[in-house]
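Here is how the chains run, residue by residue.
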Amino acid sequence: MNKVALIQRIREERERLLKALEGLTPEEMTQEPVFGEWTVKDILAHISVWQGRLITALFQLEQGRRPKDLSEEEVDALNARFYREQKDRPLERVLADFHGTYQQLLKRLERFSDEDLTRPGRFPGVPEPLWKLIAADTFEHDAEHRADIERWRERKLR
């Protein structure tokens, strides 16, 4: 997937996620669990943290450094830690981070060429095309959690 197509997919899925949030009150976003203990606010904080980590990884790749690979257990442990760290943050700060990391990510992506994104093995420790790594923490992640929010909203209507 070239840069134009990648950025377009990221933008389209972010718009879908934002549409899923339309009309929610601050109370709904912070007090009603969507799945497990996680509220909408917790989901948005989660997305922001992982996009922040992606921005760091992209910077490391630009510098010729290999980002740390994470096992599934490490990802689960990080998710639990991030949840605890973000749980008491005010909604306004979480929303600012959610929008800010997204904008930073788009700016960081502009620095990469189509070859950087599509050539397998272009970066150390990344055997697949870079766009696939980016997809996991952008449009695929947004879509996963958008679906959670949409299901929750449907349950609320019943």
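Fair warning: this is a prediction, and the values are worked out from it, not measured in the lab.

**Side note on the overall build of the chain**
So, point 1. When you go through the chain residue by residue, the secondary structure sums to eight helices and zero strands.
So, point 2. Secondary structure elements of the chain, listed N to C terminal, follow the sequence α-α-α-α-α-α-α-α.
So, point 3. Here the C-alpha radius of gyration of the chain, 16 Å, is about what a compact globule of 158 residues would show, namely 15 Å.
So, point 4. Projected onto the principal axes, the alpha-carbon positions of the chain cover approximately 50 × 30 × 25 Å.
So, point 5. Residues classed as buried in the chain amount to 44% of the 158 residues present.
So, point 6. For the chain, contacts bridging at least 24 residues in sequence account for 76% of all contacts bridging at least 6.
So, point 7. Accessible area of the chain: about 8,800 Å², with a carbon and sulfur share of 49%.
So, point 8. Distance between charge centroids for the chain: 3 Å, based on 28 positive and 31 negative side chains.

**What to know about the environment of aspartate 148**
So, point 1. Examined against the element boundaries, aspartate 148 turns out to sit in helix 8 (residues 139-157).
So, point 2. Along the primary structure aspartate 148 and leucine 106 are separated by 42 residues, whereas in three dimensions their C-alpha atoms are 24 Å apart.
So, point 3. When sequence neighbours within four positions are dropped, the list of residues in contact with aspartate 148 reads Val34 and Phe35.

**Side note on the nonpolar core**
So, point 1. Among the nonpolar cores identified, the biggest contains 20 residues, and Leu6, Ile10, Leu58, Leu109, Leu117, Leu130 and Ile134 are the most heavily contacted of them.
So, point 2. Every element with two or more residues in this core is listed here: helix 1 (3-21), helix 3 (40-62), helix 5 (91-109) and helix 7 (130-136).
So, point 3. Core analysis: the next-biggest nonpolar cluster, separate from the first, contains 18 residues, Leu17, Ile43, Ala45 and Tyr83 among them.

Calculation notes
- Residues numbered from 1 in each chain as written.
- Predicted model: local features only at pLDDT ≥ 70, side-chain atom pairs only at ≥ 80, totals over all residues.
- Heavy atoms only, no water.
- Helix = DSSP H or I, 4+ residues; strand = E, 2+ residues; numbered from the N terminus.
- Rg over C-alpha atoms; globule rule 2.2 N^0.38 Å.
- Buried < 20%, exposed > 50% of the residue type's maximum accessible area, 1.4 Å probe, protein only.
- Contact = heavy atoms within 4.5 Å.
- Areas by Shrake-Rupley, 256 points an atom, 1.4 Å probe, with all protein chains shown as cover.
- Lys, Arg positive; Asp, Glu negative; His and termini not counted.
- Charge placed at Lys NZ, Arg CZ, Asp CG, Glu CD.
- Core = buried A, V, L, I, M, F, W, Y, C linked by side-chain atoms within 4.5 Å.

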